Amino acid sequence: MAAMDRYAVIGHPVGHSLSPRIHALFAQSTGQPVTYTAIEAPLDGFAATVDHFRAQGGRGINVTVPFKLQACAYADEVSERARAAGAANALAFDADGRCRAENFDGVGLLRDLTHNLGLSLAGCRVLLLGAGGAARGVLQPLLQARPAVLLVANRSADKAHALVRDFQALGLGGPELAGAALSDLPAAGAFDLVINATAASLDAQALPLPRSVFAPDGLAYDMVYGKGLTPFLRQAREAGVARLADGLGMLVEQAADSFAWWRGMRPATDTVIAHLRTPLR
């Protein structure tokens with residue numbers, strides 16, 4: 001039997017991760033000699049855990065919370081996307097001993113929106129809820145899709161404005177990019193796409209959103225997956241939005257980008273998403 005190349009996802013906690021299942025399906029469909037496991041690292045032991053995995057012949061890892069910032073610091077080479085996001089969700093270990101960092105969260109989201117959900121962002125009004133790591137990780141690819149407006153709204157306006165300034169200082173985003181407090185949204189009008197990048201859905205918490213932000217013919221997208229009809233998606237449905245989506249497609253698409261980065265071929269994702277999908281209810 002051919003030797004298997006080892007990959008893993010590292011997080012804390014990590015037992016809930018669908019990544020081993022997704023990558024097993026990718027390996028099966030492509031015929032690549034890949035094995036993929038989940039590793040729970042101690043909160044103070046990310047670097048040591050990665051070092052141990054590399055010493056055992058590991059070729060690459062995906063990184064989930066709370067280690068994405070540490071992954072950037074660990075790497076020898078950080079991509080432009082990961083640098084803009086300030087975080088990495090994938091590391092590759094080269095034969096020469098160097099470690100490269102990438103962030104596929106934003107491109108995974110964009111691929112899900114455009115390829116799987118058929119949405120063209122060019123000229124759209126986009127509302128991004130949250131100004132933390134999840135929002136930062138997807139902002140650059142969203143801007144590159146050329147929306148007419150990309151408003152970052154957060155409970156704290158200062159945090160939203162700081163995120164906007166950071167990206168504009170990098171030359172990413174012009175007058176279409178702005179920040180606001182959630183309390184400012186009643187005057188903001190309707191948006192073609194509303195993305196929840198906050199952690200509210202993880203705790204089944206509703207956000208103080210006016211119905212007016214949701215365009216009835218728009219799309220409401222919750223980056224959380226596996227939670228069914230979250231409070232955010234329920235708010236959107238009650239506001240008359242017909243199209244709702246969770247973050248499962250984003251998860252699978254960023255995994256496919258990681259797989260392609262490591263293996264040189266991108267697996268098909270539609271059958272994997274269909275395999276994992278459970279109806280929103």
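Here's a quick rundown of the structure. Position numbers for residues start from 1 in each chain and track the written sequence from start to end. With pLDDT at 70 or above as the cut-off, local features in this predicted model cover only qualifying residues; side-chain atom pairs require 80 or more to be listed or tallied, and sums for whole chains, interfaces and linings still use all residues. Only hydrogens and water are removed before side-chain values are computed, so all heavy atoms of the structure are retained for them.

**Concerning the environment of D96**
Where we set the bar: For the purposes of this entry, the term helix denotes a DSSP run of H or I that reaches at least four residues, the term strand denotes a run of E that reaches at least two, and both are numbered from the N terminus. Pairing of N or O atoms within 3.5 Å defines a polar contact, subject to two protein rules: one partner must be a possible hydrogen donor and the other a possible acceptor, and residues neighboring in sequence count only if both atoms are side-chain atoms.
Following the sequence through the fold, D96 ends up in the loop between strand 5 (90-93) and strand 6 (99-102). Side-chain polar atoms of D96 contact the backbone nitrogen of R98, separated by 3.0 Å.

**Some details on unusual backbone geometry**
The test is simple: Buried residues are those whose accessible area, probed at 1.4 Å on protein chains only, stays under 20% of the maximum for their type, while exposed residues exceed 50% and partly exposed ones sit between those limits.
Note that the residue after H12, namely P13, is joined by a cis bond; omega there is 0°. Looking at where P13 falls in the secondary structure, it is placed in the loop between strand 1 (5-11) and helix 1 (19-30). A cis amide bond links V65 to the next residue, P66, at an omega of 5°. Position of P66 among the secondary structure elements: in the loop between strand 3 (58-63) and helix 3 (68-74). The phi torsion at R146 lies on the positive side, around 65°, for a residue other than glycine. Position of R146 among the secondary structure elements: in the loop between helix 6 (133-144) and strand 8 (149-154). Residue R146 is classed as exposed on the basis of its relative accessible area of 57%. Positive phi, normally seen in glycine, also occurs at A204, with a value near 55°. Locating A204 in the fold gives a position in the loop between strand 10 (191-196) and strand 11 (214-222). Assessed through its relative accessible area of 55%, A204 is described here as exposed.

**Concerning the packing of aromatic side chains**
Our working rule: In this analysis, rings of Phe, Tyr and Trp, with Trp reduced to its six-membered ring, are considered paired at centre separations within 6.5 Å, and the interplanar angle assigns stacked below 30 degrees, edge-to-face beyond 60, and tilted for intermediate values.
On inspection of all chains with the given rule, the structure shows six aromatic pairs. Ring centres of F46 and F67 lie 5.2 Å apart, and the angle between their planes is 25°; on these two criteria the pair is classed as stacked. One end of the pair, F46, is in helix 2 (residues 46-55); the other, F67, is in the loop between strand 3 and helix 3, with 21 residues separating them in the sequence. With respect to burial, F46 and F67 carry one shared label: buried. Judged by centre distance (6.1 Å) and plane angle (80°), the rings of F46 and Y74 are edge-to-face. You can see F46 sitting in helix 2 and its partner Y74 sitting in helix 3, a full 28 residues away along the chain.

**Considering the sheet that holds strand 12 (residues 243-245)**
The following threshold applies: Two strands pair under a simple rule: DSSP has to find at least two bridges between them. Only the stretch in contact is used when a helix axis is fitted, and all axes are lines through C-alpha atoms; the angle between N-to-C directions ranges over 0 to 180 degrees. The contact criterion used is simple: two residues touch if any of their non-hydrogen atoms lie within 4.5 Å.
Pairing within the open sheet is parallel, and its six strands lie in the order 9-8-7-10-11-12. At either end of the open sheet lies a strand with only one pairing partner, and these are strand 9 (177-181) and strand 12. The average undirected angle you get between the axes of adjacent strands in this sheet is 20°. In this structure, strand 7 (residues 125-129) lies alongside strand 10, joined through four bridges in parallel fashion. Within the sheet, the bridge partner assigned to V126 lies in strand 10 and is L193. Helix 7 (residues 157-169) contacts strand 8 and strand 9 of the sheet and is inclined by roughly 170° relative to strand 9.

**Details of the packing of helix 5 (residues 105-116) against helix 9 (residues 248-263)**
Working note: a packed helix pair is described by the angle between its axes plus the distance between those axes. Short version of the rule: Oblique is the label for any angle not under 35 degrees, not over 145, and not in the 65 to 115 range, which are roughly parallel, roughly antiparallel and roughly perpendicular in turn. Note on convention: near helix rotated counterclockwise from far helix by under a right angle means a left-handed crossing. Clockwise means right-handed.
Where helix 5 meets helix 9, the axes come as close as 7 Å, and the angle between the chain directions of the two elements is 120°. As far as their axial angle goes, helix 9 and helix 5 are oblique. Where helix 5 crosses over helix 9, the two elements pack in a sense that is right-handed. Judged by residue contacts, D105, V107, G108, L109, R111, D112 and N116 of helix 5 engage G249, M250, E253, Q254 and D257 from helix 9.

**Structural notes on the pattern of salt bridges**
Going by this rule: For salt bridges, the criterion is a side-chain nitrogen of Lys or Arg within 4 Å of an Asp or Glu carboxyl oxygen.
Inspection of every chain in the model, using the stated rule, returns ten salt bridges. Between D5 and R263 there is a salt bridge whose closest N-O contact spans 2.7 Å. Of this pair, D5 sits in strand 1 while R263 is found in helix 9, placing the two residues 258 residues apart along the sequence. A residue is classified by how much of its surface remains accessible, and R263, at 18% relative accessible area, is buried. Among the ionic pairs, D105 bridges to K68, the shortest N-O distance being 2.8 Å.

**Brief notes about the packing of helix 5 against helix 6**
Running from N to C, helix 5 and helix 6 point in directions that differ by 55°, and their axes come no closer than 7 Å. One finds that helix 5 runs oblique with respect to helix 6. Regarding helix 5 and helix 6, the two cross each other, and that crossing is right-handed. Contacts between helix 5 and helix 6 pair D105, G106, V107, L109, L110 and L113 from the former with G137, V138, P141 and L142 from the latter.

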